[in-house]
Amino acid sequence: MPTIGVVDTTFARFNMGKAAIDEIQQNMSAKIIRRTVPGVKDLPVAAKKLIEEEGCEIVMALGMPGSKEQDKICAHEASTGIIQAQLMTNTHIIEVFVHEDEARDENELVFLMDQRSREHALNVVKMLSRPEKMIKEAGTGQRQGFEDVGPARM
Ligand SMILES: Cc1nc2c(=O)[nH]c(=O)nc-2n(C[C@H](O)[C@H](O)[C@H](O)CO)c1C
C-alpha cells in the first residue's frame with residue numbers, strides 16, 4: 001500500500017486537503033499522511049519532510065495564492081521551492097494551486113478549489129497505480145478544475 005502525503009494551508013479559503021483525501025480514498029487504498037501549514041511558502045519543507053521523514057512516495061501540495069501582487073510573488077517563490085524539493089528528493093510533489101482571482105465569485109472559487117483538488121488527487125492515483133492511463137491521456141488537453149480544453153486540431 002503506497003504512502004501519500006497531503007499538505008495544505010490555513011490561508012486557503014477552502015479545505016483542499018479534505019477534498020483531496022476524500023478523492024484518494026474513494027479510488028485507492030493508501031496510507032495518507034496529512035499536514036497543514038500556514039501558507040504556500042511553508043509547503044516545500046512540509047512536503048520534503050513528508051518524503052524524507054515519513055516515507056511518502058508522492059505528495060500533494062495544495063494552496064491558494066491570494067489576488068494581491070505580493071501574493072503572486074509569494075506563490076512564485078513557493079512554486080520554486082516546491083520544484084527544488086522535488087529535485088532534492090527525486091520525488092513528485094504535485095502542486096495544486098488555485099489563484100483566488102481565477103474565480104468570478106465565491107461560489108466559483110469553492111467549486112474550483114474542490115474540483116482541482118479532486119482532479120489532481122485522481123492524477124496522483126493514476127501516477128501511482130495506473131501510469132499507463134496517464135500515457136493514454138497525453139496531449140488530450142486535460143485541465144484540473146475548469147473544463148478540459150481537448151487536443152488541438154488541424
Ligand atoms: C503575502 C502572502 N500571501 C500568501 C498567499 O497568497 N497565499 C498563501 O498561502 N500564503 C501567503 N502568505 C503566507 C506565506 O506563504 C507563509 O505562510 C508565511 O510567510 C509564513 O512562513 C503571504 C505572506
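Report on the accompanying structure. Keep in mind that what you see is a predicted model, and the values were worked out from it rather than measured.

A count of helical and extended segments in the protein chain gives five helices and four strands. From first element to last, N terminus to C terminus, the protein chain shows the α and β order β-α-β-α-β-α-β-α-α. Projected onto its principal axes, the C-alpha coordinates of the protein chain cover approximately 40 × 40 × 30 Å. Sequence-distant contacts in the protein chain: of pairs separated by 6 or more residues, those separated by 24 or more amount to 73%. Surface summary for the protein chain: the accessible area is close to 8600 Å², and the carbon and sulfur share equals 51%. Side-chain charges in the protein chain split into 19 positive and 24 negative, and the spacing between the mean points of these groups amounts to 3 Å.

A word on the sheet that holds strand β2 (residues 31-37). With respect to topology, four strands assemble into an open sheet ordered β2-β1-β3-β4, the strand pairing being parallel. Because the sheet does not close on itself, it has two edges, and the strands there are β2 and β4 (93-97). Pairwise comparison of adjacent strand axes, ignoring direction, gives a mean angle of 15 degrees for this sheet. Here strand β1 (residues 3-9) pairs with strand β3 (residues 58-63) via four bridges, running parallel. Along β3, the bridge assignment pairs Ile 4 with Ile 58. Contacts from helix α3 (residues 69-89) reach β3 and β4 within the one sheet, and its direction differs from that of β4 by about 165 degrees.

In terms of nonpolar packing, the biggest core is built from 23 residues, with Ile 4, Met 16, Ile 24, Met 60, Leu 62 and Met 113 touching the most fellow members. Broken down by secondary-structure element, the contributors of at least two residues to this core are β1, α1 (16-27), β3, β4 and α4 (106-129). When residues of this core are assigned to their parent elements, the largest contribution, six residues, is made by α4. Excluding residues that lie within four positions of it along the chain, Ile 4 makes contacts with Ile 24, Met 28, Ala 30, Lys 31, Ile 32, Ile 33, Cys 56, Ile 58, Val 124 and Leu 128. Residues Val 37, Ala 78, Ala 85 and Ile 93 belong to the second largest nonpolar core, which totals 18 residues.

Moving on: the environment of Cys 74. Structurally, Cys 74 can be placed in helix α3. Looking at Cys 74, the relative accessible area reads 22%, which means it is partly exposed. Taking the C-alpha atoms as reference points, Cys 74 and Gly 39, 35 residues apart in sequence, are found 9.3 Å from one another. The contact partners of Cys 74, leaving out residues within four places of it in the chain, are Val 40 and Lys 41.

All told, the structure shown has 14 salt bridges when counted by the stated rule. A salt bridge links Glu 54 to Arg 35, with the nearest nitrogen and oxygen atoms 3.3 Å apart. Taken together, the residues Glu 54 in the loop between α2 (43-52) and β3 and Arg 35 in strand β2 connect sequence positions 19 residues apart. Note on Glu 54: relative accessible area 35%, which makes it partly exposed. Overall, Arg 35 belongs to the partly exposed group, its relative accessible area being 35%. Salt bridges linked by common partners bring Asp 22, Glu 23, Asp 114 and Arg 118 together as one network.

Conventions adopted
Residues numbered from 1 in each chain as written. Predicted model: local features only at pLDDT ≥ 70, side-chain atom pairs only at ≥ 80, totals over all residues. Heavy atoms only, no water. Helix = DSSP H or I, 4+ residues; strand = E, 2+ residues; numbered from the N terminus. Contact = heavy atoms within 4.5 Å. Areas by Shrake-Rupley, 256 points an atom, 1.4 Å probe, with all protein chains shown as cover. Lys, Arg positive; Asp, Glu negative; His and termini not counted. Charge placed at Lys NZ, Arg CZ, Asp CG, Glu CD. Pairing = 2+ DSSP bridges. Axes fitted to C-alpha atoms, helices over the stretch in contact; angles between N-to-C directions. Core = buried A, V, L, I, M, F, W, Y, C linked by side-chain atoms within 4.5 Å. Buried < 20%, exposed > 50% of the residue type's maximum accessible area, 1.4 Å probe, protein only. Salt bridge = Lys/Arg side-chain N within 4 Å of Asp/Glu carboxyl O.

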